[in-house]
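Observations on the model geometry
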Amino acid sequence: MSGAAAAESIKAEIRARIAAEIASAAPGGDPVRARELAAFEAAVIEPFPTTVNFSGGFQQTCWSVTRSDGAYRVVYMPKAEYFALTVESDFGPLDIGVHGPAMGCFASV
């Protein structure tokens, strides 16, 4: 698979995972859940590759999936097959150990 085809495949997987989370997140009359869902949907962006810094000084190519709010963003970690919350730093996004579903990471801020 070419580099472009591999990137499109990862982007399609990310979009499908996020769509499934949104579809299963019906607020059911809970106004707090409805606000969280609306905020998450508004923050979701077209995935793009992002170098993320991890403790121990290593870096990994992940995929940004939400826009930064100036302090945080959610990324997809393809090697681990889950999402992570990162904090913005002078050296780029830094993993802070919050991992799991995209909406869970996003709502943890």
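Nothing here was measured: the structure is a model prediction, and the numbers come from that model.

Looking at the element boundaries, R73 is found in strand β3 (residues 72–77). For R73, the side chain forms a polar contact with the side chain of S64, separated by 2.9 Å. Beyond its immediate stretch of four places on either side in the chain, R73 contacts F48, T50, S64, T66, R67, S68, A84, L85, T86, E88 and P93.

To continue, consider helix α2 (residues 31–43). With 13 residues, α2 extends 18 Å between its outermost C-alpha atoms, agreeing within 8% with the 18 Å of an ideal straight helix rising 1.5 Å per residue. Where α2 is concerned, the buried positions are L37, F40 and A43. One side of α2 holds all its buried residues, which, seen down the axis, span an arc of 130°. Of the exposed residues in α2, those oriented more than 90 degrees away from the buried face are R35 and A42. Buried positions along α2 lie against α1 (3–23), β1 (44–53), β2 (59–66) and α3 (102–107). Among the residues of α2, the N-terminal cap falls to D30, whose side-chain oxygen and the backbone nitrogen of V32 are separated by 3.0 Å.

Conventions adopted
- Residues numbered from 1 in each chain as written.
- Predicted model: local features only at pLDDT ≥ 70, side-chain atom pairs only at ≥ 80, totals over all residues.
- Heavy atoms only, no water.
- Helix = DSSP H or I, 4+ residues; strand = E, 2+ residues; numbered from the N terminus.
- Polar contact = N/O pair within 3.5 Å; in protein donor to acceptor, adjacent residues only side chain to side chain.
- Contact = heavy atoms within 4.5 Å.
- Expected span 1.5 Å × (residues − 1).
- Buried < 20%, exposed > 50% of the residue type's maximum accessible area, 1.4 Å probe, protein only.
- Arc of directions from axis to C-beta.

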